[in-house]
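# Chains, contacts and geometry: an overview
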Amino acid sequence: MVDEGIPVAAVNEHATTYTSTADTKVATPPGGMGTPGPMKAHGGEERQYGQGKIHVCRPEKAVHPPMDPEAFYSPDHKKERKEREERRLVLRESRKRIEQVAVNHLWEIPGRPHVVYSVKDYRRDDVHEGRRAARDELPFLFKAFEQGQAPPPRPGTKKADQPRAATIHEYLDWTVTASIPQDPDELDFEGFRVLALYPRNKLLWPPPSEPYNTEVPLQYPEMGAPKPPVPHLQVATKPVCAATVRIGPGWLEVPFYATQEHRRNKGHGRALLEAIEDLCRSLNIKRILLCSTDDPKVKGTWSHLGFKFTSKADLDAMGVSRHDLLHMDNTVQMHKEVSDVRPWASVMMKHTTFKHRLYYIPNGGNAPPISHEIMSGQYYKNLRNMPPPKKPSKRPKKRG
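Note that the structure is a prediction, hence the values are computed from the model and not measured.

## Things to note about the overall build of the protein
Each helix and strand in the protein was counted, giving eleven helices and 14 strands. Sorting the 400 residues of the protein into buried and exposed places 46% on the buried side. Within the protein, residue pairs in contact and separated by at least 24 positions form 72% of the contacts whose partners lie at least 6 positions apart. For the protein, the exposed area adds up to about 21,400 Å²; of that, 54% sits on carbon and sulfur atoms.

## Comments concerning the nonpolar core
Formed by 38 residues in total, the largest nonpolar core has its most connected members in Leu-252, Tyr-257, Ile-276 and Ile-288. Here this core takes seven residues from helix H7 (residues 268-282), the largest share from any one element. Among the nonpolar cores identified, the runner-up in size contains 15 residues, and Leu-138, Phe-145, Val-176 and Met-328 belong to it.

## Digging into the packing of helix H3 (residues 127-137) against helix H4 (residues 139-146)
Here H3 crosses H4 at 90°, and the two axes come no closer than 5 Å. As summarised for this structure, H3 and H4 are arranged roughly perpendicular, according to the angle between their axes. Where H3 abuts H4, its residues Ala-134, Arg-135, Asp-136 and Glu-137 lie against Pro-139, Phe-140, Phe-142 and Glu-146. Partitioning the contact of H3 with H4 into residue classes produces four nonpolar, no polar and four charged.

## Section: the environment of Thr-237
Structurally, the position occupied by Thr-237 is in the loop between strand E7 (193-199) and strand E8 (241-247). The spatial distance from the C-alpha of Thr-237 to the C-alpha of Asn-201 is 8.3 Å, given a sequence separation of 36 residues. When residues no more than four places from it in sequence are discounted, the contact partners of Thr-237 are Tyr-198, Pro-199 and Arg-263.

## Some remarks on the layout of surface pockets
A volume near 580 Å³ is recorded for the largest pocket. Around the largest pocket sit 26 residues that line it, and Glu-274, Glu-277, Arg-281, Arg-342 and Trp-344 are the ones nearest its centre. At the level of secondary structure, the elements contributing two or more residues to the lining of the largest pocket comprise strand E5 (107-109), strand E6 (112-120) and H7. Of all the elements, H7 adds the most residues to the lining of the largest pocket, at six residues.

Conventions used here
Residues numbered from 1 in each chain as written. Predicted model: local features only at pLDDT ≥ 70, side-chain atom pairs only at ≥ 80, totals over all residues. Heavy atoms only, no water. Helix = DSSP H or I, 4+ residues; strand = E, 2+ residues; numbered from the N terminus. Buried < 20%, exposed > 50% of the residue type's maximum accessible area, 1.4 Å probe, protein only. Contact = heavy atoms within 4.5 Å. Areas by Shrake-Rupley, 256 points an atom, 1.4 Å probe, with all protein chains shown as cover. Core = buried A, V, L, I, M, F, W, Y, C linked by side-chain atoms within 4.5 Å. Axes fitted to C-alpha atoms, helices over the stretch in contact; angles between N-to-C directions. Parallel < 35°, antiparallel > 145°, perpendicular 65-115°, else oblique. Nonpolar A, V, L, I, M, F, W, Y, C, P; charged D, E, K, R; others polar. 1 Å grid on protein atoms, 1.4 Å probe; cavity = no way out; pocket = protein on both sides within 12 Å on 5 of 7 lines; lining within 4 Å. Points joined across faces, edges and corners; volume = space filled by probe spheres on them.

Written as structure tokens, this is what we have:
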């Protein structure tokens, strides 16, 4: 079972100095697990793990001084800015596909009858309105990373005007609102969306009837279950699990991933991962990139879910540039190939006026095939027609 409360982050090798205010995102990325800070060049170090190497991000102890004007206008920095601008044009073009995905639409996950998922977009004309909406609907996502971490200084104070590292609070706000950089030296948060998992609401009383139990043609058949959901999809409460996602040329990035505390260890994290893979298949994306915290238990959890450790050479082979992804401190880069869609079959369960379409894998695992007698309902009819068992004529004697 996945520990759905694990914060994850993606890796970016870029490391320069920067200044941060509430609405300014200049130069270097933050740390992970709520401890933002400058990073070593090239995103950390290569560490031996088993027979291979993994990419580990480690924070620098010293804080970088502000970049002086001579270094800013140097040929090397100008060249780097130009390369970054060109790369961002490529990334922006690849991210246009996610604009076609419907937001706030509910999709069913085959084999997960108690949850549904939706793609959320918190971009607003008023940035503060988008932040408030995300924090109101997904408080657990922010709490998982911000708990115990110092908040950003209040605007108007001396600390707010001084060069400093951005806080995890600011990074979450910029990520969920997909903040667009205005300068090549600013961090790139463009293209992010939030995938949210909701508990599914099923109307049981008063007895459901038409049109609640009516099949409606799928509006977006490229995602979700292969057949129309019965009963209609409804949500019961706010999301219980969420992840921020962003697509690139052939891969999908997951920088933040969290579950409500009282909902953990119940399969919600695994269900959200299935939803992420469903989104990837609809966009023809073959690989998921994320970073696990550098903890044996957490790394083991992600390995159990099919993720592998990623080296610097692996990132180069995938065509992932050092400016493509967000990065966090104390994280281990991992990746997973998106699995093929499973051969789901459906069955309609009926009880008086209630109907529910369920999905199963025929002959899944080593289970024997379901007999025609059970599928047709004849088995249960035979049970009802069986005579009741006879009562014993005498009570058994007690043994001394």
